[in-house]
Amino acid sequence: MTDDAAPGLPDLRASDADRERVAEVLRDALAEGRLDMAEFEERLEETYKARTYGELTPITRDLPVAGVVPPPVVSLNKEPPTDGSWAGRVVGGEGSSTWAVAVLSGFQRRGRWTVPRRFTCFAFWGGGEIDLREADFAAGEVEINCVAIMGGVQIIVPLGVDVVVRGIGVMGGFDQGPSDEHGHPDAPRVVVGGFAFWGGVGVERKKTRAARRQEKLDRKAAKRELRAASRDDAHDARVRMLEGHKDVLRGHRHGHASGSGSREEQREHRYED
């Protein structure tokens, strides 16, 4: 019921059909999440106790009625970024950095940078990290030449990039690691070479940080949907149970009234005899 359901007639007696219409609005509000279970039960009890339109009207005053357009659904999930083609990351030029050295220290090349056609690095009793996941490339094929002496270099490449390892290791090695990843036809090609003595050069594939964040958001969204579905199932079960109790109560009242009439008829019949 709403304020305009019976204008000027707040004291008019409400019918069972009026109460059922209000109950239907409450059930819709519960299903849509506008009411929680406690509010629903409280208002439903007030609905069945109501005797006039004036008592029914406040129950649904703050709820939409049929014909009201709901607000647009806002997605809380971040859409995956559109990276375009791999060709868009082959930008030409000379590259942001062409060499790196780590002696008893370390170096990093990561984030947004341009890999030159040939990048040379040297690590002696130190280490370096070359992260290509967010990088652009000066050419369709780039070469990374590593020299590691009692040190190490770690090269991280994004999924889809074809990698060829040609380095030589003496009491050390070049490790590409197991991978079933096939290079994307438009992706650049990375050739890793050099020399490792009592050291090593490792190549591994990793997803971008944006992809990992998106996967985390997707997992959270899936968990939220599962919890929401569980709550909806529990709400539906409680609503059905509550409606069943109402039906039993109505049947009990009806049966009690019918039984009283039968006993009255029996008394009259004995009196006549």
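Every value quoted in this text rests on a predicted model; they were computed, and no experiment measured them.

Trainee: Give me the confidence of the model for the protein chain: which residues, what numbers.
Mentor: On average, residues of the protein chain carry a pLDDT of 79, and 73% of them reach 70 or more. Predicted confidence is poor over residues 1-7, with pLDDT under 50, and the contacts of this stretch with residues over four places away or in other chains come to 12 contacts. Low pLDDT, under 50, characterises residues 67-84; the stretch is placed with eight contacts to residues that sit more than four places away or in other chains.

Trainee: Give a description of helix H1 (residues 16-31) that names residues and reports values.
Mentor: One full turn of an α-helix is made of 3.6 residues, so residues set three or four places apart face in the same direction. Under the 1.5 Å per step criterion, the end-to-end length of H1 is 23 Å for 16 residues, consistent within 8% with the ideal 22 Å. Taken together, the buried positions of H1 are Asp18, Arg19, Val22, Ala23, Val25, Leu26, Ala29 and Leu30. End-on view of H1: buried residues confined to an arc of 155 degrees, all on one side of the axis. The exposed residues of H1 that point more than 90 degrees off its buried face are Asp16 and Ala31.

Trainee: How would you sum up the sheet that holds strand S11 (residues 173-175)? Please name residues and give values.
Mentor: The sheet built from five strands is open, its strands ordered S2-S5-S8-S13-S11 with parallel pairing. Looking at the sheet topology across the chains shown, the edges are occupied by strand S2 (106-109) and S11. Strand-to-strand, the axes of this sheet are offset by a mean angle of 10 degrees, without reference to chain direction. Two strands pair when backbone bridges link them, and strand S5 (residues 127-131) and strand S8 (residues 152-157) are joined in this way by five bridges, in the parallel orientation. Across the sheet, the residue bridging to glycine 128 is valine 153, located in S8.

Trainee: How would you explain the pattern of salt bridges if you had to name every residue and give the values?
Mentor: Applying the stated criterion to the full structure yields 13 salt bridges. Ionic pairing is found between arginine 133 and aspartate 131, a salt bridge with its closest N-O pair at 2.7 Å. For glutamate 141, the salt bridge goes to arginine 189, with nearest N and O atoms at 2.9 Å. Here glutamate 141, found in strand S7 (residues 141-149), pairs with arginine 189, found in strand S12 (residues 189-197); they are 48 residues apart in sequence, far enough to count as distant. Take glutamate 141: its relative accessible area is 43%, and that puts it in the partly exposed class.

Trainee: Kindly report on the pairing of strand S4 (residues 118-124), identifying the contributing residues and their values.
Mentor: Only one face of S4 is covered, namely the face carrying Phe119, Cys121 and Ala123; the face carrying Arg118, Thr120, Phe122 and Phe124 is uncovered. By the bridge criterion, five bridges tie strand S1 (residues 99-103) to S4 in an arrangement that is parallel. Considered in S4, the bridge of alanine 100 is made with cysteine 121. In terms of strand pairing, S4 meets S7 through seven bridges, oriented parallel. Bridge pairing in S7 places phenylalanine 124 opposite isoleucine 149.

Trainee: Before we move on, can you summarise helix H2 (residues 37-49) with the specific residues and values?
Mentor: For H2, which comprises 13 residues, the first-to-last C-alpha distance of 18 Å matches the rise-based estimate of 18 Å (1.5 Å per residue) to within 8%. Within H2, burial applies to Met37, Phe40, Arg43, Leu44, Thr47 and Tyr48. For H2, the angular spread of buried residues about the axis comes to 135 degrees, placing them on one side. Facing away from the buried side of H2 by more than 90 degrees, the exposed set consists of Ala38 and Lys49. N-capping of H2 is provided by aspartate 36, with a side-chain oxygen placed 3.3 Å from the backbone N of alanine 38.

Trainee: Quick rundown of the environment of leucine 44? Include the residues and the values.
Mentor: Here leucine 44 lies in helix H2. Under the relative-accessibility criterion, leucine 44 is labelled buried at 0%. For leucine 44, the contacting residues outside a window of four places in its chain are Ala23, Leu26, Leu242 and Glu243.

Trainee: Quick one: what's the story with a positive patch on the surface, residue by residue and with numbers?
Mentor: A cluster of like positive charges, contributed by Lys216, Arg219, Lys220, Lys223, Arg224, Arg227 and Arg231, occupies part of the molecular surface. Inspection of the secondary structure puts arginine 231 in helix H4 (residues 209-272).

Trainee: Talk me through unusual backbone geometry; I want residue IDs and the actual numbers.
Mentor: Of all residues except glycine, most have a negative phi; of all peptide bonds, most are trans. Despite not being glycine, tryptophan 125 shows a phi value in the positive range, around 50 degrees. Positionally, tryptophan 125 belongs in the loop between S4 and S5. Positioned with a positive phi, methionine 171 is a non-glycine residue whose angle comes to about 50 degrees. Among the structural elements, methionine 171 can be located in the loop between strand S10 (168-170) and S11. Classification of methionine 171 as exposed rests on a relative accessible area of 56%.

Trainee: Kindly report on the nonpolar core, identifying the contributing residues and their values.
Mentor: Grouped together as the largest cluster of nonpolar side chains are 29 residues, with contacts concentrated most on Ile130, Leu132, Val153 and Ile155. Contributions of two or more residues to this core are made by S1, S4, S7, S8, S12 and strand S13 (200-205). Ranked by residue count, the leading element in this core is S7, at four residues. Apart from residues no more than four positions distant in its own chain, valine 153 is found in contact with Phe107, Cys121, Ala123, Gly128, Ile130, Cys146, Gly200, Val201 and Gly202. By size, the runner-up hydrophobic cluster in this structure holds 19 residues, among which are Ala14, Ala23, Phe40 and Tyr48.

Rules behind the numbers
Residues numbered from 1 in each chain as written. Predicted model: local features only at pLDDT ≥ 70, side-chain atom pairs only at ≥ 80, totals over all residues. Heavy atoms only, no water. pLDDT = per-residue confidence, 0-100. Contact = heavy atoms within 4.5 Å. Helix = DSSP H or I, 4+ residues; strand = E, 2+ residues; numbered from the N terminus. Expected span 1.5 Å × (residues − 1). Buried < 20%, exposed > 50% of the residue type's maximum accessible area, 1.4 Å probe, protein only. Arc of directions from axis to C-beta. Pairing = 2+ DSSP bridges. Axes fitted to C-alpha atoms, helices over the stretch in contact; angles between N-to-C directions. Salt bridge = Lys/Arg side-chain N within 4 Å of Asp/Glu carboxyl O. Polar contact = N/O pair within 3.5 Å; in protein donor to acceptor, adjacent residues only side chain to side chain. Patch = residues over 30% accessible without salt bridge, like charges linked within 9 Å, V, L, I, M, F, W, Y side chains within 5 Å. Areas by Shrake-Rupley, 256 points an atom, 1.4 Å probe, with all protein chains shown as cover. Lys, Arg positive; Asp, Glu negative; His and termini not counted. Charge placed at Lys NZ, Arg CZ, Asp CG, Glu CD. Core = buried A, V, L, I, M, F, W, Y, C linked by side-chain atoms within 4.5 Å.

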